[in-house]
Amino acid sequence: MLTETATPRTLPLLEVEGVDKSFPGVRALSDMRLELRAGEVLALVGENGAGKSTLMKLLSGIHTPDTGTFTLDGEPLTIAGPKHATELGISIIHQEFNLVPHLTVAQNVFIGREPRRARLLLDERRLVRDARELIGRLHLPLDPNAVVGDLTVANQQMVEIAKALSYDPKVLIMDEPTAALNDAEVATLHELIRRFVRPETGVIYISHRMEEIRRIADRVTVIRDGQYVDTVDVAATSTREIIAMMVGRTLADHAGPQGVRADREVLLEVTGLSTKALLKDVTFDLRAGEILGFAGLMGAGRTETARAIVGADPVDGGVLTLRGSRIRIGHPADAVRHGIGYLSEDRKRYGLLLDKDVKANVTLGALARRFTTAGFVHDRAARAAASEYVGSLRIKTPSVDQTTKFLSGGNQQKVVIAKWLARDCDILIFDEPTRGIDVGAKEEIYQLLNELAEQGKSIIMISSELPEVLRMSHRVVVMSEGRVTRILDAAEASQETIMHYATLRPDENVEDAKELGLDPVETGAAEDEEGKA
Amino acid sequence: MVTTREKSGVAGRPVGAVVKGRLQQLLAFASLIVIFAFFSVASPFFFTYGNFTAILFSTVVIGTLAIGTTFVIITGGIDLSIGTGMALCAVMSGVFIVNLDLPLAVGLVATVLFGGLMGLVNGINIALLKIPPFIATLAMMLVAEGLALVVSGSAPIYFSEEPAYTKISTGNLIPGVDFPNAVIVLIVVAVIAGVLLTKTVLGRYTYSIGSNEEATALSGIDVRKWKIAVYAFAGLFIGLAGIMISARLGSAQPATGMGYELQAIAAVVIGGTSLSGGKGSIVGTLIGALIISTLNNGLQIMSIPQEWQNVILGCVILVAVYTDILRKKEA
Amino acid sequence: MKMQKVGAVVAGAALALSLTACGAEGGGAGGGGGQPYIAIVSKGFQHQFWQAVKQGAEEEASKQGARVTFVGPPTEADVEEQINMLTNDIAKSPDALGFAALDSQAAEPLLQQAKSQDIPVIAFDSGVDSDVPLTTVSTDNKAAAAEAAKHMAELVGGSGKVAMVVHDQTSQSGTQRRDGFLEWMEQNAPDIEVLDPQYGGGDQLESANITKSIVSSNPDLKGIYASNEGSAIGVIKGVQESGKQGLQLVGFDSGKAQVDAIRNGTMAGAVTQDPVNMGRQLVIAAMKAINGEDLPETVDTGFKWYDQTNVDDPEIAAVLYD
């Protein structure tokens with residue numbers, strides 16, 4: 001184990017002590033502590049808003065602490081800015097990539113310190129050579145000449161890592177490095193981290209995913225509400241204990257999906273949906289009061305299916321039937337008129353008006369229909385409705401006038417949900433409903449989804465987290481490479497069956513795949529057997 | 001503010017938010033006061049009633065254009081066609097009222113609608129054909145510049161036979177008080193625009209589109225339709241500005257207008273509207289337009305050489321926008 | 001926090017105002033004292049012609065112990081801006097007002113206001129269509145254009161095709177310089193065919209393009225007449241670019257480029273107004289008005305023909321501006 005090869009525990013590599021940081025009106029950190037030992041992977045966990053990103057910003061020199069000290073290798077540190085941080089040996093990989101999409105891998109890795117000839121001219125050849133050498137050393141599957149914007153998210157993440165490691169840091173800090181990665185990619189990343197950790201280096205690994213933390217980290221530091229809670233050995237502590245420390249209470253154990261019934265009437269039928277880009281003959285149905293899970297690897301076409309249904313992307317072919325009659329959707333406005341709302345995985349970009357208040361966001365979709373007379377907005381009615389949803393969805397906000405960018409991820413998600421409820425949508429398509437939401441708030445979102453389904457709303461839930469899919473879905477649509485490879489009932493859905501169909505490569509022969517999909521009981525059962533064996 | 005509602009937190013609107021929202025306007029207003037005070041001390045000819053009305057009068061055309069274009073800029077767009085478009089509308093006003101001899105009221109409505117039509121074309125080009133606003137309105141700017149000359153035969157159209165027409169601008173509606181009608185028109189349309197921007201669906205969607213166009217579209221709002229509406233609506237102000245300038249001059253000058261768009265945009269920006277969209281106000285725009293015209297007036301009254309006047313105006317724009325950036329940093 | 005913002009505003013205002021102060025010093029228009037003050041609102045500002053008028057006015061003013069200010073809109077299309085400038089200058093209650101109207105009608109109410117405030121108004125450059133101005137100080141454009149026509153006729157030997165590039169078809173100067181040329185040709189040179197006038201807006205580039213198309217569509221062309229500085233420079237450029245040799249070019253006004261072309265023989269010659277004299281005469285007339293002296297209805301500021309032979313004569317050099 002890594003802990004055994006580590007240097008004596010008395011010698012911390014990076015130490016944070018007594019750090020306070022306030023912003024106007026907010027105390028972000030108070031008496032924060034952190035100790036990273038040489039040779040270890042330290043997980044840092046906490047709910048959103050607990051102060052993780054503030055701590056990161058202090059360590060990268062974006063902000064300076066009000067009080068407190070940083071020590072690296074026993075030397076006190078003053079970090080003047082991001083560049084200075086890397087010079088000191090602290091490299092940080094942020095959750096949001098700092099990559100220039102139009103430049104190549106090599107250009108991105110060495111951005112700001114490109115090799116030059118005669119001071120002015122760029123030495124492209126050496127740039128590529130250096131990048132190739134670095135990529136080789138790190139065993140990364142990257143082409144230095146590839147344009148970053150064309151890479152998959154996973155490979156872009158690799159470019160970020162290559163960039164960070166090219167500085168030869170002592171401390172590597174990663175913020176949610178696996179948020180966009182599938183299991184295989186996560187494994188590759190973890191391998192890379194293990195190779196990086198040597199007796200003189202250390203990694204701070206920020207994540208929400210407990211299984212990952214168990215796999216990669218030696219110790220875990222828990223923070224809550226800007227304050228240090230505890231640091232424990234991962235091996236000696238259960239996941240539930242860690243979560244309890246994060247949320248300050250114990251969570252109820254959860255069972256599988258609630259209210260699964262086979263006799264529900266079909267609400268929406270999707271037949272033969274295709275797009276030029278990816279989707280081929282996507283067919284499934286959605287029943288009233290059902291939570292229909294969508295599982296698959298990155299790029300399987302789940303988000304694309306959702307966007308095609310709501311008219312956000314152009315469709316090449318296919319028929320939508322709502323309550324037995326055919327509907328046409330050319331624009332998201334059409335979808336909304338038919339009561340179909342889409343909640344994007346990227347809330348900030350596609351879901352919210354971040355610089356507007358809660359009220360404006362909640363009433364945005366329903367404004368023209370519910371809150372106006374002759375074009376004039378009824379501010380009081382809008383405010384009352386927004387307040388009502390704030391109450392019923394338990395949105396934590398000081399008031400409906402709070403700017404949504406200051407809310408936590410979970411509460412932002414609830415604001416988006418409120419927007420669709422205000423618009424009377426019967427079909428809600430959630431794309432990664434709990435992405436970037438901390439553990440405690442996740443539970444609330446799950447509860448909310450169940451409540452909505454009970455009220456008769458039909459829910460499509462796209463998720464990359466299999467436990468979430470299994471826990472919530474009445475049925476699971478599994479996609480691979482733009483096709484539906486299987487629709488599983490709750491009873492036959494398991495991590496193993498889902499992964500089997502998610503990794504199924506539809507052959508040149510389309511019929512083969514279809515046959516598999518159309519033969520539910522045998523294939524599913526056989527797969528189950530294999531999984532157990 | 002009712003104190004009991006304050007306490008409930010969720011329902012009440014905190015006073016702080018109101019103050020913060022108005023801060024940029026207050027700052028712009030404070031700058032205007034400072035400029036006013038300075039000129040009043042610096043020149044004995046500045047602080048007179050006659051000069052105040054002169055300043056207000058000279059604000060009317062830029063102010064009208066700036067109010068319309070505030071909507072466009074809040075959506076994150078831009079309209080470069082307002083200057084020469086105004087000249088074309090002025091010419092059309094001459095065509096309707098002088099050449100076609102339509103009744104005055106009909107001619108005025110037709111001119112305003114013609115401005116709306118130009119805006120509509122801009123909106124369609126931008127929202128449906130997906131031409132970037134800068135390019136679409138640049139093209140419209142050139143088209144309008146040319147059409148103004150073509151329609152007028154490159155000669156001014158005089159309203160000598162229509163004394164009522166010039167009264168729209170230069171007359172005094174309030175008997176016995178020397179207060180030009182043009183200023184009253186500006187105030188009235190500013191109030192209307194302010195109400196539309198803050199109290200109606202059009203206004204809300206204008207802000208929403210500028211704040212996050214994709215999220216607004218995914219919320220089921222037909223962004224294309226509303227963008228067209230915003231440009232067409234802003235076009236009405238181009239038509240009105242065409243009337244105001246030609247009524248003031250007593251003639252429709254076909255070759256005028258170039259450069260007005262930049263002054264109007266400068267007024268909007270000084271007034272705290274963000275060029276990246278999502279925020280802005282009519283009051284701010286009016287103050288911005290007043291700052292520009294007060295500077296122009298005061299600097300000339302102080303007999304500052306003309307070469308220096310634009311240097312100073314440029315610096316004021318920089319300072320205004322920098323103040324806005326400072327404010328955002330602290331928010 | 002708030003202090004910071006207020007600080008920024010105050011700093012901004014201070015910056016703007018300190019620039020103002022610099023400007024005031026630079027202009028030397030600070031103190032007035034008992035000097036008579038003449039406000040001049042011109043048709044333009046940057047153009048060298050207007051700068052020469054300004055120079056003449058300032059020279060004469062300092063000679064007479066008067067103070068002048070000189071403003072004008074950026075282009076001759078900016079009627080509204082000129083009106084604003086006129087408003088602002090009247091607000092200063094000058095002792096006399098010099099005014100070159102872009103549009104007489106638009107300015108009329110303001111001129112009436114000046115009259116009611118007993119501010120004498122002197123029109124200059126082109127006439128103002130109003131009974132307010134006491135006199136008009138200007139070049140007799142028609143006579144000047146006739147002079148250009150006379151020289152053109154001599155240069156082409158009394159026969160052949162001649163083209164015209166005119167700066168404007170609406171302003172008085174444009175129409176008079178066009179008509180003066182055409183009328184002289186019609187009456188005195190029946191063998192010369194004058195092509196329809198082409199209008200380039202006084203813009204160098206546009207006039208150059210027009211010139212090139214005239215030259216290419218009229219291979220037998222013998223000469224081109226240009227009606228102002230911008231047109232003349234455009235014509236010179238257009239002929240150079242087309243590569244055509246032996247054309248007789250006759251220009252109007254001066255300016256460095258045009259004078260150089262005449263020196264090196266590219267252009268045969270030009271008629272020049274005397275803008276410096278116009279400025280001088282404007283101030284002289286204004287001073288007379290202030291002192292209550294009688295004024296003639298018009299003051300001709302004169303014109304001169306200049307070519308390679310006399311361009312360096314002191315008498316000519318004095319009226320050329322560059």
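Going by what an unreviewed UniProt entry lists, chain B is known as ABC transporter permease and is assigned to Actinophytocola gossypii.

A separate point is the overall build of chain B. Looking only at helices and strands, chain B features 14 helices and two strands. Against the compact-globule benchmark of 20 Å for 331 residues, chain B has a radius of gyration of 20 Å, which places it among compact chains. The dimensions of chain B, computed from C-alpha atoms along their principal axes, are 65 × 55 × 40 Å. Expressed as a percentage of its 331 residues, the buried residues of chain B come to 58%. Once local pairs closer than 6 in sequence are excluded, the contacts in chain B between residues at least 24 apart make up 78%.

The next point concerns the overall build of chain A. Counting secondary structure elements, chain A contains 21 helices and 24 strands. What you see for chain A is a C-alpha radius of gyration of 25 Å, in line with the 24 Å of a compact globule of 533 residues. Structurally, chain A occupies a C-alpha span of about 70 × 60 × 55 Å along its principal axes. Among the 533 residues that make up chain A, the fraction classed as buried is 47%. By sequence separation, contacts in chain A at least 24 residues apart represent 68% of the contacts at least 6 residues apart.

Residues and elements named next belong to chain C. Between helix α8 (residues 229–242) and helix α9 (residues 256–263), the least distance of the axes is 9 Å, while the angle of their chain directions is 45°. Relative to α9, α8 is oriented oblique. The handedness of the crossing between α8 and α9 is left-handed. Contacts between α8 and α9 involve E229, A232, I233 and I236 on the former and, on the latter, A257, Q258 and A261. Partitioning the contact of α8 with α9 into residue classes produces five nonpolar, one polar and one charged.

We now examine the confidence of the model for chain A. Note that predicted coordinates carrying low pLDDT should not be read in detail. Residues and elements named next belong to chain A. Per-residue pLDDT for chain A has a mean of 83; in total, 90% of the residues score no lower than 70. Looking across chain A, the model is least confident in helix α21 (residues 520–532), with a mean pLDDT of 38, and most confident in strand β22 (residues 458–462), with 95. Counted against residues more than four places away or in other chains, residues 1–9, with its pLDDT under 50, gives 18 contacts. Here residues 507–533 is modelled with pLDDT under 50, and outside its nearest four sequence neighbours on either side it reaches 24 contacts, counting other chains as well.

On the chain B side, the residues contacting the 34 residues of chain A number 27 residues. Where the side of chain A that touches chain B is concerned, the elements lending two or more residues are α11 (332–337), α12 (347–351), α14 (367–370), β20 (376–377) and α15 (379–392) of chain A. When residues of the side of chain A that touches chain B are assigned to their parent elements, the largest contribution, four residues, is made by α11 of chain A. Across the side of chain A that touches chain B, the residue classes break down as 19 nonpolar, eight polar and seven charged.

This part is about the sheet that holds strand β1 (residues 37–41) of chain C. Residues and elements named next belong to chain C. Taken together, six strands build an open sheet; the order of strands is β2-β1-β3-β4-β5-β12 and the sheet is parallel. The two strands at the open ends of the sheet, each matched to only one other strand, are β2 (67–71) and β12 (298–300). Here the average twist between neighbouring strands, direction ignored, is 20°. Bridge count between strand β4 (residues 121–124) and strand β5 (residues 135–138): three bridges; the pairing is parallel. Directly across from F124, in β5, lies its bridge partner V137. Across the sheet, helix α2 (residues 48–64) touches β1 and β2, and the angle it forms with β2 is around 170°.

Let us now look at the UniProt feature "transmembrane region" (unreviewed entry) in chain B. Residue and element names in this part refer to chain B. Those residues carrying the UniProt feature "transmembrane region" (unreviewed entry) are residues 26–46, 52–73, 80–98, 104–128, 135–159, 179–198 and 228–249 in this numbering. Taken as a whole, residues 26–46 contains 81% helix and 0% strand, while its terminal C-alpha atoms sit 23 Å from one another. This span, residues 179–198, is 90% helix and 0% strand, and a straight line between its end C-alpha atoms measures 29 Å.

To continue, consider the domain arrangement of chain A. Domains assigned within chain A are domain 1 (2–89 + 169–247), domain 2 (254–339 + 426–436 + 453–533) and domain 3 (346–425). When each unit is reduced to the centre of its C-alpha atoms, the spacing between domain 1 of chain A and domain 3 of chain A is 35 Å.

Backbone geometry places E481 of chain A, a non-glycine residue, at a positive phi of 45°. Along the chain, E481 of chain A turns up in the loop between β23 (475–480) and β24 (483–489). Look at S93 of chain C: it is not a glycine, yet its phi comes out positive at around 45°. Turning to its location among the elements, S93 of chain C is positioned in the loop between α3 (79–91) and β3 (96–99).

Of all hydrophobic cores here, the largest spans 287 residues; its most connected members are I429 of chain A together with L65 of chain B. Among the elements that line this core, the one with the most residues is helix α11 (residues 223–249) of chain B, at 19 residues. When residues no more than four places from it in sequence are discounted, the contact partners of I429 of chain A are A306, I309, V310, I340, G341, Y342, L343 and I460 of chain A. A28, L36, I90 and V222 of chain A belong to the second largest nonpolar core, which has 66 residues in total.

Mapping A50 of chain A onto the fold places it in the loop between β3 (41–45) and α2 (52–59). The buried category is assigned to A50 of chain A, around which 24 C-beta atoms lie within 10 Å.

Here the focus is the sheet that holds β3 of chain A. Residues and elements named next belong to chain A. In space, the six strands of this open sheet follow the order β6-β9-β10-β3-β11-β12, with mixed pairing throughout. Unpaired on one side and paired on the other, β6 (90–93) and β12 (227–233) mark the two borders of the sheet. Strand-to-strand twist in this sheet, taken as the mean axis angle between neighbours without regard to direction, amounts to 20°. By the bridge criterion, five bridges tie strand β9 (residues 171–175) to strand β10 (residues 202–206) in an arrangement that is parallel. Residue pairing in the sheet places D175 in a bridge with I206 of β10.

This part covers helix α8 (residues 181–199) of chain B. If you check α8 of chain B, its first and last C-alpha atoms are 27 Å apart, about what 19 residues at 1.5 Å a residue would give, namely 27 Å. Those residues of α8 of chain B that are buried lie in contact with α3 (49–74), α7 (163–170), α9 (201–211), α11 and α13 (282–301) of chain B.

All names here are of chain B. One way to put it is that α3 packs onto α8 with a least axis distance of 9 Å and a crossing angle of 20°. The orientation of α3 with respect to α8, classified from their angle, is roughly parallel. Both α3 and α8 take part in a crossing whose hand is left-handed. Where α3 abuts α8, its residues L56, F57, T59, V60, G63, T64, I67 and F71 lie against A182, V183, L186, V189, A190, A193 and L197. Across the contact of α3 with α8, the residue classes break down as twelve nonpolar, three polar and no charged.

With that settled, the discussion passes to the environment of Q187 of chain C. All names here are of chain C. Relative to the helices and strands, Q187 is located in helix α6 (residues 172–188). Accessibility expressed as a C-beta count within 10 Å gives 10 for Q187, which makes it exposed. Sequence separation between Q187 and E315 is 128 residues; the distance between their C-alpha atoms is 31 Å.

The next point concerns the pairing of β3 of chain C. All names here are of chain C. Across the two faces of β3 the burial is the same, with A96 and G98 and L97 and F99 all buried. Two elements, β1 and β3, share four bridges in a ladder whose sense is parallel. When the sheet's bridge partners are listed, A39 is paired in β3 with L97. Where β3 and β4 come together, three bridges link them in parallel fashion. Pairing of L97 across the sheet is with V121, part of β4.

The rules we used
- Residues numbered from 1 in each chain as written.
- Chains lettered and ligands numbered in written order.
- Predicted model: local features only at pLDDT ≥ 70, side-chain atom pairs only at ≥ 80, totals over all residues.
- Helix = DSSP H or I, 4+ residues; strand = E, 2+ residues; numbered from the N terminus.
- Rg over C-alpha atoms; globule rule 2.2 N^0.38 Å.
- Buried ≥ 20, exposed ≤ 12 C-beta atoms within 10 Å, placed from the backbone.
- Contact = placed C-beta atoms within 7 Å.
- Axes fitted to C-alpha atoms, helices over the stretch in contact; angles between N-to-C directions.
- Parallel < 35°, antiparallel > 145°, perpendicular 65-115°, else oblique.
- Left-handed = near helix turned anticlockwise from the far one by under 90°.
- Nonpolar A, V, L, I, M, F, W, Y, C, P; charged D, E, K, R; others polar.
- pLDDT = per-residue confidence, 0-100.
- Pairing = 2+ DSSP bridges.
- UniProt positions renumbered as here; feature names shortened; annotations may be inferred.
- Domains from an automatic or database assignment.
- Core = buried A, V, L, I, M, F, W, Y, C linked by C-beta atoms within 7 Å.
- Expected span 1.5 Å × (residues − 1).

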